[in-house]
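Breakdown of the fold
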Amino acid sequence: MTDATHAQRPACDPATVLDARFNRAIEAVCGRAADPQVRASGNPKFGDYQVNAAMSLAKERGTNPRALADEILKATDLAGIAAKCEVAGPGFINVTLEPAFVAARLGELSVSPTLGIPPAADPHAVVIDLCGVNVAKQMHVGHLRATIIGDSLARVFERLGRKVWRENHLGDWGLPIAMTLARLVREKADFARLTLDDLNAAYRGAQKETSTADLDAAYEFRCGPHRIAELELQYEPARAAMEHAKRTLVRLQSGDAEIVRLWERLIEVTMEQVYEAARTLNVKVGPENNRGESFYRDRLAGVVEAFAKSGLAKSDKGAMVVPFADRERPLLIQKSDGGFLYATTDLAAVRFRTYELDGSLVVYVVDARQRDHFKDVFDAARLIGWNTTKDGAESTLVHLGFGAVLGADKKPLKTRSGENFTLKDLLDEACERGTAEVMRRAADATSPTHGLPEAELRAIGAAVGIAAVKYADLSGDLTKDYVFDLDRMVAFEGDTGPYLQYAHARIASILAKSGEGADAISSAPLSLAEPAEKALALHLLRYAQMTLDVGRSLETNRVGLYLRTLAELFNAFYQACPVLKADDAATRLSRLRLCAISRTVLADGLSLYGIVAPERM
RNA sequence: GCCCCGGUAGCUCAGUUGGAUAGAGCACGCGCCUUCUAAGCGCGUGGUCGGCGGUUCGAAUCCGCCCCGGGGCGCCA
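Nothing here was measured: the structure is a model prediction, and the numbers come from that model. (Residues numbered from 1 in each chain as written. Chains lettered and ligands numbered in written order. Predicted model: local features only at pLDDT ≥ 70, side-chain atom pairs only at ≥ 80, totals over all residues. Heavy atoms only, no water.)

1. Concerning the state of the cysteines
- Following the criterion strictly, the structure yields zero disulfides and no others.
- Cys85 supplies the cysteine sulfur nearest to Cys30, a cysteine that is in no disulfide, at a spacing of 17 Å.
- Here Cys577 is not cross-linked by a disulfide; its sulfur's nearest cysteine counterpart is in Cys595, at 9.6 Å. (Disulfide = S-S within 2.5 Å.)

Next up, the structure:
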């Protein structure tokens, strides 16, 4: 997203070297610098890399593209880098790299603690709004995406060396919470023993008991006085409940010690499920990430004041709105009764995140339906100049609107009995399926997991089930809806999380059986004589660029694509090149080192998804 | 009505940001475990990339207009 990030290029990536060399040659030939357009070749018959700039440059200069490609190629110093270069097709320059050059770069990668990722150029923080639970409500499948996508992006930015804030913007404030609280008080609930189910029931009960929909409709359609009087009598309890809720809200807002204590208990009970889900999902979200709506309550009046003072907000039908030049719909920041709205809270949060948290990138991982809302909030923030860090650097505000999770019938996911699928149900089932599969395989006497303690098998099974769920979610286009089909995800065949874990376990197994020490392996000379070895090595060298690309684009699916390709290339290598039974000791050690690097990169890549890579499965 | 997001193989989806003959996985057909984990590998069948036009050396990708599906549109969050 930032130029600084974009400019970073991994030193061990051959594309970086080729880019520099061809850049120099193009400048010599054409008299000016231009992007050489270095790309990895899609087809092995076109070599390892292709340089595509000659065609567009020739068009610009009105010359023959193949002749220009020839000229550029002649001017490029590739001694020790390329084994073969040729001009092909309309003017592609196809480059086949020298295996020794690739091996040298891979050696650099293997001793890099960051796997070749250059240090972050932007010293500001990245702020990620994730999870987004509501107090007194059960977590459902929508929270799955907000949580694991946000956590994965956080992990990517941590890998890139950025300071990351995971912000759990909980819905812990406002009338609905007060209504729930009021009802629990009236019911004389035992707050010490409250469960989430109790809260949920109270929340729903409160919504229902205060509903005056029929009466409101009667007013709206100007029903006769008889009908109105009848309904008013009927809705007397609803009014009373709402009055109580409002009194409770006032006490909460004014800091009434007793009410605040009960309110905190509500949050505690709600968040316990979040922490449990986070543990199951291997997601780094805990109490330290809680910064809910209530945190911003004392800043809301200031937000409205700031917009009013700068002339950006105006009064409209008694409410305060921020109008926009390019659209009809204004942003409502204060109700006619003086109350604030979620847009007000979000504006306060934007300012806190850019200024106080010093974020030059603030990512909101919130479902796609809120696109318009965030467009308005971000535009308003830009109008008033809140998209800047403490030292005045520009902040990028991004809404990463993810698609819905659908059932097999393409409708929002429901259980068989037609109820909402809670996140817990879903994760429990995934873990069960994973465990069943691991147990089944462990029963086979020839399996590497045969005879392991049950607790260990269960841990592997849970890791496998969760990997299936997370991979299915993160490896697709985040903005699209996707069909949640446990049967398919937990099939563990093909393009799945367990497929990657399996590749990792195979590598770990080879290394364990080799009998070689880590030092002997990590210091072995690399030779990449076989095509499968070289192809694997080339892909390993692209890890750093892939990670940078994800940081720039926020497309987590690039990680999945990279890892799937890595696993495929490893499997091809595994099939074509014996490691433990290699022809000679030097080849054996070289291949072991290739295995070790593959394993490190695969495990690191899986860690970007927060997927655990077991040694055996 | 206005705005936003999608449409790629029978199904579920990729497609390295405009590159060479559009790829996987399921499913279907065939082959590979006396060799490091067969949750694997190889081969085959399967396509008007929603439609029409445009931009250019080159389009699934960019632009315009349609068709179909989904979502959102002031005092809830």
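2. So, the packing of aromatic side chains
- Tallied over the full model, the rule gives 12 aromatic pairs.
- Among the aromatic residues, those joined into a cluster by ring pairs are Phe295, Tyr296 and Phe352.
- Across from the ring centre of Phe295, 5.2 Å away, lies the NZ or CZ of Arg291, which sits over that ring.
- Seen from the ring of Tyr355, Lys390 lies directly overhead, with NZ or CZ sitting 5.9 Å from the centre. (Phe/Tyr/Trp six-rings, centres within 6.5 Å; stacked < 30°, edge-to-face > 60°. Lys NZ or Arg CZ within 6 Å of the ring centre and 35° of its normal.)

3. Concerning the sheet that holds strand S5 (residues 125-130)
- Strand order in the open sheet formed by four strands is S6-S5-S10-S11, with parallel pairing between adjacent strands. Unpaired on one side and paired on the other, strand S6 (164-168) and strand S11 (396-402) mark the two borders of the sheet. Sheet twist, expressed as the mean angle between neighbouring strand axes with direction ignored, is 20°.
- Here S5 pairs with strand S10 (residues 359-367) via five bridges, running parallel. For Val126, the partnering residue across the bridge sits in S10 and is Leu361. (Pairing = 2+ DSSP bridges. Helix = DSSP H or I, 4+ residues; strand = E, 2+ residues; numbered from the N terminus. Axes fitted to C-alpha atoms, helices over the stretch in contact; angles between N-to-C directions.)

4. Considering unusual backbone geometry
- In this structure, Asp358 takes a positive phi of about 65° despite not being glycine.
- Tracing the chain through its elements places Asp358 in the loop between helix H14 (342-356) and S10.
- Backbone geometry places Phe492, a non-glycine residue, at a positive phi of 60°.
- Position of Phe492 relative to the elements: it lies in the loop between helix H18 (486-489) and helix H19 (497-514).

5. Section: the protein's contact with RNA strand B
- In the neighbourhood of RNA strand B, 65 residues make up the surrounding shell, with Lys45, Tyr342, Arg441, Tyr502 and Tyr574 lying closest.
- The sugar-phosphate backbone supplies 54% of the atoms of RNA strand B found within 4 Å of the protein.
- In this structure, a base oxygen belonging to RNA strand B sits 2.6 Å away from a main-chain N or O atom of Ser336.
- Here Arg564 contributes a side-chain N or O atom positioned 3.4 Å from a sugar or linking oxygen of RNA strand B.
- Mapped onto the surface near RNA strand B, the elements with two or more residues apiece are helix H3 (53-61), strand S4 (92-97), strand S9 (327-334), helix H15 (371-384), helix H16 (423-442), strand S13 (482-483), H19 and helix H23 (557-576).
- A per-class count over the surface near RNA strand B returns 27 nonpolar, 12 polar and 26 charged. (Near = heavy atom within 4 Å. Polar contact = N/O pair within 3.5 Å; in protein donor to acceptor, adjacent residues only side chain to side chain. Nonpolar A, V, L, I, M, F, W, Y, C, P; charged D, E, K, R; others polar.)

6. Description of helix H24 (residues 585-608)
- Taking 1.5 Å per residue as the helical rise, H24 with its 24 residues ought to reach 34 Å, and the 35 Å between its terminal C-alpha atoms agrees with that figure.
- Between the side-chain oxygen of the N-cap and the backbone nitrogen of Ala586 there are 3.2 Å, and the N-cap of H24 in question is Asp584.
- Positioned one or two residues after H24, Gly610 has a phi angle of 65°, which is positive. (Expected span 1.5 Å × (residues − 1).)

7. Brief notes about the packing of H3 against helix H4 (residues 65-75)
- Where H3 contacts H4, the two axes come as close as 8 Å, and the packing angle between them is 115°. In this structure, H3 crosses over H4, and the sense of that crossing is right-handed. Here Ala54, Met55, Leu57, Ala58 and Arg61 of H3 come into contact with H4, specifically with Pro65, Leu68, Ala69 and Ile72.
- Looking at side-chain class alone, the contact of H3 with H4 contains eight nonpolar, no polar and one charged residues. (Left-handed = near helix turned anticlockwise from the far one by under 90°. Contact = heavy atoms within 4.5 Å.)

8. Here's the deal with helix H13 (residues 300-309)
- Within H13 the residues assigned to the buried category are Leu300, Val303, Val304 and Phe307. Relative to the axis of H13, the buried residues are bounded by an arc of 95° and lie together on one face.
- Against the buried residues of H13 lie strand S8 (319-324), S9, H14 and H15. (Buried < 20%, exposed > 50% of the residue type's maximum accessible area, 1.4 Å probe, protein only. Arc of directions from axis to C-beta.)

9. Focus: the domain arrangement of chain A
- According to the domain assignment, chain A consists of domain 1 (3-97), domain 2 (123-172 + 284-402), domain 3 (174-254) and domain 4 (423-607).
- Summarising the inter-unit geometry, the C-alpha centres of domain 1 and domain 2 are found 43 Å apart. (Domains from an automatic or database assignment.)

10. Structural notes on the side chain of Thr248
- Tracing the chain through its elements places Thr248 in helix H11 (residues 236-253).
- Filtering out sequence-adjacent residues up to four positions away, Thr248 remains in contact with Ala178, Leu181, Ala182 and Ile259.

11. So, the pattern of salt bridges
- Within the structure shown, the criterion is met by 44 salt bridges.
- A salt bridge links Glu209 to Arg186, with the nearest nitrogen and oxygen atoms 3.4 Å apart. With Glu209 in helix H8 (residues 196-209) and Arg186 in helix H7 (residues 175-186), the pair connects residues that are 23 residues apart, well separated along the chain.
- The partly exposed category is assigned to Glu209, whose relative accessible area is 23%.
- Measuring nitrogen to oxygen at the nearest pair gives 2.2 Å for the salt bridge that ties Arg327 to Asp379. (Salt bridge = Lys/Arg side-chain N within 4 Å of Asp/Glu carboxyl O.)

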